[in-house]
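# Remarks on the overall topology
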Amino acid sequence: MRTYRWPWLIPGASSMAILAGAVLTTAVPAPDVTYLVLDAVVGLTFPLVGALIVTRRPRNLLGWLFCLSGAGLAMQALAGGYAVYGEAHGWPGAGFAAWVMNWVFFTGFGPLFLLPMLLPDGRLPSRRWRWVIGTLVLMTVVLQAMLMFRDRIWVWGTEEPNPLGFVPTDVVAASFGAVIVAMSVAGVVAVAMRVRSAQDRRRLLPVLASAVAIALASIVDAAPPEGLPLLGAWLQAATLPLLPAATAVAIFRYRLFDIEVLIRRTVVYVAVTCLLLGAYLATVTTFDTLLRQDGGVLEPLLGTAVVAVAFAPVRDAVQRAVARLLFGNRGDPAAALSRLGQRLEVSADPTRLLDGAAETVAHTLRLPSVAVLDAGGTPVSVVGGVPGHGVRLPLLSGGQREGELRAAPRSPGEDLSRLDLAVLDDLARHLAVALAAVRLAREVQSSRERLVIAREEERRRLRRDLHDGLGPGLATICVRLDLIRAMAPDGLRDQLREVRQLTAGLVGDIRRTVHDLRPPALDELGLDGALEDLVLDLAPDLGGGPAVAVRAPLPFPALPAAVEVAAYRISQEALANALRHADASNVEITVRAEPERLFLEIRDDGRGLPDPVVEGVGSGSMRERAAELGGLLRRTSSQGKGTIVEAVLPL
């Protein structure tokens, strides 16, 4: 993308205009320079941000509005200075400058309040805002004309008749306050709407805060407290620079216009220039006071020497600060690795070990987008989207490719430096180990789930075989033995009785085994019927305990054996806890099946869980049964409002 340098003439010209206006105004002491301060803070800050945007995006309206806002107030400072100094010294055109001063500021002050409605991309929040901004622009044009033809001319605290004026100043002042308040409030509403619908709200929060501060200052300026007529002007002087500052934060931190490549050196040298200029002036002033040599050359020479000696260390310090702002910890690999290690340590679930890892890498190196992909190309951790171009580093652990780390450059057309790549390479080693740990944890979990499912399916088969085959066969043998015993000689009856008792004992053992393998009600009634049967078994008589209800959609679908058992046992334990310890009046069991998940909820209105919550054997058993299937279990409680046990089991 082409970069233009000439827009930097705008902040340069604005600064010179403010400096000239300040020098001329202070040379002839003026009664009130409050608005000169306002002109200075706006004229110095807004054009800088505007030039940054225009150099890279000349077609974006935001950059030009920032430049126009600062230039308009800078022109007021220059016109006001020329007016007061020219009138005192008989310069030509002093009256014309005074007239220009009264309206030229609004060519920048009006567009300034349109900026919040267009941030951060130069577009309106929606098409419905077209009539809003159209109305506000029309109001600013009308107000601009009213300022040009009001009946009084104001110059730094003094007033005189306007030979071209006919609009009463009181009417202009009231209209000015109403328009500015309307524009500032509209800006707050527009930014708030963007924040509400934005995916990444952090980039807009500084803009919203600055818009709110400016709106409050504008309201105070429109209706100042009694005895403090200039409070609003001072508040505006303090709050208006927040808007370009918030935009600069978006440019630096959230890559608003992809112009870091252009501005990083500019920021360094502007900061160094300001610091050294301040050091030079302070040195010259100090030595002038100490040596009392007005007009001598010693003080400038000493100031120049101080600047020359301080240039290198000041430049290095500013360079490091700006580099940390723009490039993060790439110059300190140990800090980058420590930050990633701390992020990996906080994950208690091995399968979620890499949650936030991409965000950590992106924040560490100030990259716009980073993605960690597994061996199959599936994103595991992403921030800012999966980069389509940029750096791709394989993640290798133990000689096996575990995945890939992708990192986008900070700006289009900018390659990451060798230092960036070195830090990414160090981070990739740790990410590869973490990715291998995640893969192994998921494989273990998957194997565990398959084992549990196979176990329960085998138990269901064994129960069916024992219940339908061996059990009835042994019962038939008992009947036949009874018949044989009735017809057998007396000498065989005792032996047949013993065989009959042994067979009957085997039948009882098989029945107990069948019951222990799997709750019989699940095969006979299904999960919904088994839960209702469980309620009848566990719940006390209607008059002596809580009312228990089971809610399940009908017809209830067939479920895998493992899911049925887990849901039944979780419900059994949760219901028992509610009946024994909750002192509840109502207990409700809700179960519903979706295509891929089973939802189970046991809710009571009892006393709730104790504080602190102690995990008992029963609670641990419920959590374990859910985890075996790769599901989740959560217990929540409010003191005096009951307990909710929720389980989500994959099907």
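Summary of the structure given here. Because the structure is predicted, anything quoted here is derived from the model rather than measured.

Bringing the overall build of the protein into the picture now. The helix and strand tally for the protein stands at 20 helices and 11 strands. Put simply, the protein has 651 residues, and 43% of those count as buried. Of all intrachain contacts in the protein linking residues separated by at least 6 positions in sequence, the fraction that spans at least 24 positions is 68%. For the protein, the accessible surface area stands at approximately 33600 Å², while carbon and sulfur atoms represent 60% of it.

Bringing unusual backbone geometry into the picture now. Excluding glycine, a negative phi dihedral is what most residues carry, and trans is how most peptide bonds are arranged. The phi angle at W156 is positive, at roughly 45 degrees, despite the residue not being glycine. Here W156 is to be found in the loop between β1 (152-155) and β2 (158-161).

The next point concerns the pattern of salt bridges. Under the defined criterion, the tally for this structure stands at 9 salt bridges. R406 is the partner of E404 in a salt bridge, and the nearest nitrogen-oxygen pair spans 2.8 Å. Assessed through its relative accessible area of 13%, E404 is described here as buried. Taking the relative accessible area as the measure of exposure, R406 reaches 16% and is therefore buried. A salt bridge links R634 to E646, with the shortest nitrogen-to-oxygen separation between them at 2.8 Å. Remark: E646 occurs in strand β11 (residues 642-650) and R634 occurs in strand β10 (residues 632-638); sequence separation between them is 12 residues. Each of R401, E404 and R406 takes part in one network of salt bridges that share partners.

This next bit is on the nonpolar core. Grouped together as the largest cluster of nonpolar side chains are 68 residues, with contacts concentrated most on F46, F106, F109, V155 and L240. If sequence neighbours within four positions are ignored, F109 has contacts with L38, L73, F176, I180, Q236 and L240. Counting residues in each nonpolar core, the second largest holds 35 residues, with L559, V563, Y568 and L649 among its members.

Here the focus is the packing of helix α1 (residues 9-27) against helix α3 (residues 61-89). Contact pair α1 / α3: the axes reach a minimum separation of 7 Å and the direction vectors enclose 25 degrees. The angle between α1 and α3 falls in the class roughly parallel. As α1 runs across α3, the sense of the crossing is left-handed. Facing I10, S14, A17, I18, A20, G21, L24, T25 and A27 of α1, the residues of α3 in contact are W64, C67, G70, A71, A74, A77, L78, G80, G81, Y82, V84 and Y85. A per-class count over the contact of α1 with α3 returns 15 nonpolar, 6 polar and no charged.

Pairs of packed helices are described in terms of their axes, by the angle between the two and the distance that separates them. Here α1 crosses helix α2 (residues 34-56) at 170 degrees, and the two axes come no closer than 8 Å. The pairing of α1 with α2 is recorded here as roughly antiparallel in orientation. Residues I10, P11, S14, S15, I18, A22 and T25 of α1 form the contact with α2, whose participating residues are L36, D39, A40, G43, L44, P47, L48 and A51.

Quick look at the environment of L633 now. Mapped onto the fold, L633 is located in strand β10. Given the relative accessible area of 11%, L633 is considered buried. Between the C-alpha atoms of L633 and E646, which are 13 residues apart in sequence, the distance is 5.6 Å. The residues contacting L633, other than those within four sequence positions of it, are I570, M622, R623, A626, V645, E646 and A647.

To continue, consider helix α15 (residues 357-365). An α-helix turns once every 3.6 residues. As a result, residues three or four positions apart point the same way. Burial within α15 is extensive, with 7 of its 9 residues counted as buried. Taken residue by residue, α15 has A357, A358, T360, V361, A362, T364 and L365 as its buried positions. Count one or two residues on from α15 and you reach R366, which has phi positive near 55 degrees.

With that settled, the discussion passes to the packing of aromatic side chains. Following the criterion strictly, the structure yields 15 aromatic pairs and no others. Summarising the aromatic geometry, the rings of F149 and F166 are spaced 5.8 Å apart at their centres and angled 25 degrees between planes, so their arrangement reads as stacked. With F149 in the loop between α7 (130-148) and β1 and F166 in the loop between β2 and α8 (169-197), this residue pair connects regions lying 17 residues apart in the sequence. It is R592 that lies over the ring of F599; its NZ or CZ is 4.5 Å from the centre.

This part covers the environment of R634. The spacing of R634 and I644 is 10 residues in sequence and 8.1 Å in space, taken between C-alpha atoms. Residues within four places of R634 in sequence aside, it is in contact with I644, V645 and E646. Reaching out from R634, the side chain makes a polar contact with the side chain of E646 at a distance of 2.8 Å.

Cut-off values and rules
- For every chain, the first residue of the written sequence is number 1, and numbering continues from 1 onward in sequence order.
- Two thresholds apply to this predicted model, a pLDDT of at least 70 for residue-level local features and 80 or more for giving and counting side-chain atom pairs, whereas whole-chain, interface and lining totals are computed over all residues.
- As a rule here, side-chain values cover all heavy atoms of the structure and leave hydrogens and water aside.
- Labels follow the DSSP assignment, with helices taken as runs of H or I lasting at least four residues and strands as runs of E lasting at least two, numbered in each case from the N terminus.
- Working definition: with a 1.4 Å probe on protein chains only, accessible area under 20% of the residue-type maximum means buried, over 50% means exposed, and in between means partly exposed.
- For this analysis, residues touch if any pair of their heavy atoms sits within 4.5 Å.
- With residues, only the protein chains shown are counted as cover, and all accessible areas are computed by Shrake-Rupley using a 1.4 Å probe.
- Whenever a carboxyl oxygen of Asp or Glu lies within 4 Å of a side-chain nitrogen of Lys or Arg, that contact is scored as a salt bridge.
- Among buried residues, those of type Ala, Val, Leu, Ile, Met, Phe, Trp, Tyr and Cys that are joined through side-chain atoms within 4.5 Å constitute a nonpolar core.
- Every angle, taken between N-to-C directions, lies between 0 and 180 degrees, and every axis is a line fitted to C-alpha atoms, over only the stretch in contact when it is a helix.
- Each angle gets one of four labels, with under 35 degrees taken as roughly parallel, over 145 as roughly antiparallel, 65 to 115 as roughly perpendicular, and the rest as oblique.
- Here a crossing is taken to be left-handed if its near helix is turned anticlockwise relative to the far helix by less than a right angle, and right-handed if that turn runs clockwise.
- Here the nonpolar group is Ala, Val, Leu, Ile, Met, Phe, Trp, Tyr, Cys and Pro; Asp, Glu, Lys and Arg are the charged ones; every other residue, Gly included, is treated as polar.
- Under the pairing criterion, centres of Phe, Tyr and Trp rings, with the six-membered ring standing for Trp, must be within 6.5 Å; the plane angle then separates stacked pairs below 30 degrees from edge-to-face pairs above 60, leaving the rest tilted.
- Put simply, a charge is over a ring when the Lys NZ or the Arg CZ is close to the ring centre, within 6 Å, and near the line of the ring normal, within 35 degrees.
- We define a polar contact as two N or O atoms separated by no more than 3.5 Å, with the added condition that, inside protein, one atom must be a possible hydrogen donor and the other a possible acceptor, whereas residues neighbouring each other in sequence contribute only through side-chain atom pairs.

These figures capture arrangement, not role.
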